[in-house]
Amino acid sequence: MSTSTPFLSAVTPMLPKELSNSLVDFQNPAGTQALDTLLRFVCGGDSSDPATQHTWAEQQRKAMAALATLTEPTTNGKRPREQDTTDSAAAAKRQKTDHDDQSDGSPLFTLHAVSATSPVRKKVDINVHASSLSFVNSSSHAVEASIPLSALTRAFLLPTRGKMKPHWTVVILSADSPGKDKKAAAQLAAPQIIFGLDAAAPAAVKYTTYSGSDAESTTLKSGTPTRDLLLDFIQRLGLPLLEPVPEVFKSACVGVAVSASEGGVPGIEAYRAAKAGTLWFLRDGVLWGESKPCEFWALEGLLSKSDGLRVITATGRTCTVVLTRKSPPEDVAQLDEGEADPGIETAFSMVDGKEQEGINKWVREYRDRFGKPKQVGAGAMQVQEDSDEEDGDFEVDSESDGGSATSSSSDEDGEGSGSGSEEAEDSDADDMDEDGEEELKAENHPLMRPGAMPRMSRAAIDMVAAMVEDDLVGDGEEEGEDELED
């Protein structure tokens, strides 16, 4: 066989004898080429003519589906094998997430060979249709999943942490919270889209733009920044883009991320149960990103100004961030009259204690929007102006045995600078305890600052003092007796 018919040449040696003999009738250039093209089509190969690739792939997908129904094994009343059961369950799951996008026609934009994490975990071509997104296997060109654009609500562009090289992660959500059954919700009711690209293309990154029947393919050269390409992709979805920036929040710990060279990483490392991930602090809320399932706490969805975000620390070295979301309306309706909404708490542990100051600063900046409907224009400005007087004395609620969230006292000091001598004397008197001794203040004593020294209870201090006293007094008496005896 000729090398111009690679598919036919590959299978001919393995054909049964009777089938191989029947190919004698096709021993001519036109016949063998037709057979090779047929094999190429049913095996999932690309079209030999790039201009017809899109139509080829569409018809190829339909043909493979038809062939699958013909080759599907029948059980004849017998129990199917375990593998068959698994395949059927996977197919059923895929059907639930699929969206019939045949009415969308040809794609408008395609990102080729992208490593996706959700809704499928493999390398896929992502097609943007008029009303849906489809995920096509890069090798077989089979549609793995399809999601309607109407189901998507928010898009995030994140600088990935933990990569050796700068990397972007795109997260697209259909709901802020995946719900009580997080696994089922992430797969079925609230699908999530997660994929990524290196910040600088390591190899040829290809995308295609369609205009009617014309397709224009573009290949980025190695080292070309990919940010503009990802922004263009998100813009085509018509979704609001949320992006963490160091101007809003900056981690106190060094990390590898795209934004590290631009002023700091706008997120912190944390654990949700046993799963590691990143909390991203944005102008509109907090995102638990990269680790499935992702979840977003919008400022207006937090419980209240005081309980929306709390920081708990026991040693000062690490702390726990607790986010409390408002309960769903149906749960609030079941509460007794006058009973407050307890909210839905989510804890993120093993946060480096150095991050407390940055978290407190972010809360002081945005806490007045916790739990309030999102406002725009003059109304939002008015809310900010009315709350400026209270920002100075804010302190994140902290349940601590050895360290606590820091608070800002600059406003209080500024207000007190203009007071008279009587107020100064009153404040001095307040600072004295019952025994006339001056009360120690954290701002004046470095050892009392959060994390400097572990706190001890009064009982522990008394016990240690008693032990030291017994050692000193007891040793002295014994030494005296020994001298008298001598």
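Scope of this entry: the structure provided in the associated data block. Bear in mind the structure is a predicted one, so any value in this text is a computation, not a measurement. (Residues numbered from 1 in each chain as written. Predicted model: local features only at pLDDT ≥ 70, side-chain atom pairs only at ≥ 80, totals over all residues. Heavy atoms only, no water.)

## Let's talk about helix α3 (residues 29-42)
Under the convention used in this document: Secondary structure elements follow DSSP: runs of H or I of four or more residues count as helices, runs of E of two or more count as strands, with numbering from the N terminus. A helix is expected to reach a length of 1.5 Å times the quantity of its residues less one. Only protein chains enter the calculation, and the probe is 1.4 Å; a residue is then buried if its accessible area is under 20% of its type maximum, exposed if over 50%, and partly exposed in between.
For α3, which comprises 14 residues, the first-to-last C-alpha distance of 20 Å matches the rise-based estimate of 20 Å (1.5 Å per residue) to within 8%. Burial in α3 covers these residues: G31, T32, L35, D36, R40 and F41.

## Considerations on unusual backbone geometry
Between S118 and the following residue, P119, the backbone shows a cis peptide bond with an omega angle of 5 degrees. Counting through the fold element by element, P119 comes out in the loop between β1 (109-118) and β2 (123-128). Although it is not a glycine, A113 sits at a positive phi angle of roughly 50 degrees. Looking at the element boundaries, A113 is found in strand β1. Residue classification places A113 among the partly exposed positions, given a relative accessible area of 40%. In this structure, H141 is a non-glycine residue whose phi angle is positive, near 65 degrees. Of the residues examined, H141 reaches a relative accessible area of 13% and is grouped as buried.

## Some words on the environment of R364
Mapped onto the secondary structure, R364 falls in helix α9 (residues 356-366). Given a relative accessible area of 19%, R364 falls into the buried group. For the pair R364 and K305, spaced 59 residues apart in sequence, the C-alpha separation works out to 9.8 Å.

## What about the side chain of R154?
Selection rule: For the purposes of these results, a polar contact is taken to be a pair of N or O atoms within 3.5 Å, where, inside protein, one atom must be able to donate a hydrogen and its partner to accept one; residues adjacent in sequence count only when each atom of the pair is a side-chain atom. Any two residues having at least one pair of non-hydrogen atoms within 4.5 Å are treated as being in contact.
Note on placement: R154 falls in strand β5 (residues 154-159). Judged by its relative accessible area of 18%, R154 falls in the buried class. There is a polar contact of 2.8 Å between the side chain of R154 and the side chain of D176. Not counting chain neighbours up to four residues away, the residues in contact with R154 comprise V171, I172, L173, D176, L239, P240, L242, F296, A298 and E300.

## Structural notes on the packing of aromatic side chains
Operational definition: Stacked, tilted and edge-to-face pairs are distinguished by plane angle, under 30 degrees for stacked and over 60 for edge-to-face with tilted covering the rest, among Phe, Tyr and Trp rings (Trp via its six-membered ring) whose centres lie within 6.5 Å.
A full pass over the atoms with the stated rule returns 10 aromatic pairs. Between F195 and F233, the aromatic rings sit 5.5 Å apart at their centres with planes inclined by 90 degrees, giving edge-to-face as the arrangement. With F195 in strand β7 (residues 192-198) and F233 in helix α7 (residues 227-237), this residue pair connects regions lying 38 residues apart in the sequence. Plain terms: the ring middles of W362 and F370 are 6.1 Å apart, the flat faces sit at 40 degrees to each other, and that makes the pair tilted. Classification of W362 as buried rests on a relative accessible area of 1%. Assessed through its relative accessible area of 3%, F370 is described here as buried. Among the aromatic residues, those joined into a cluster by ring pairs are F249, F281, W362, Y366 and F370.

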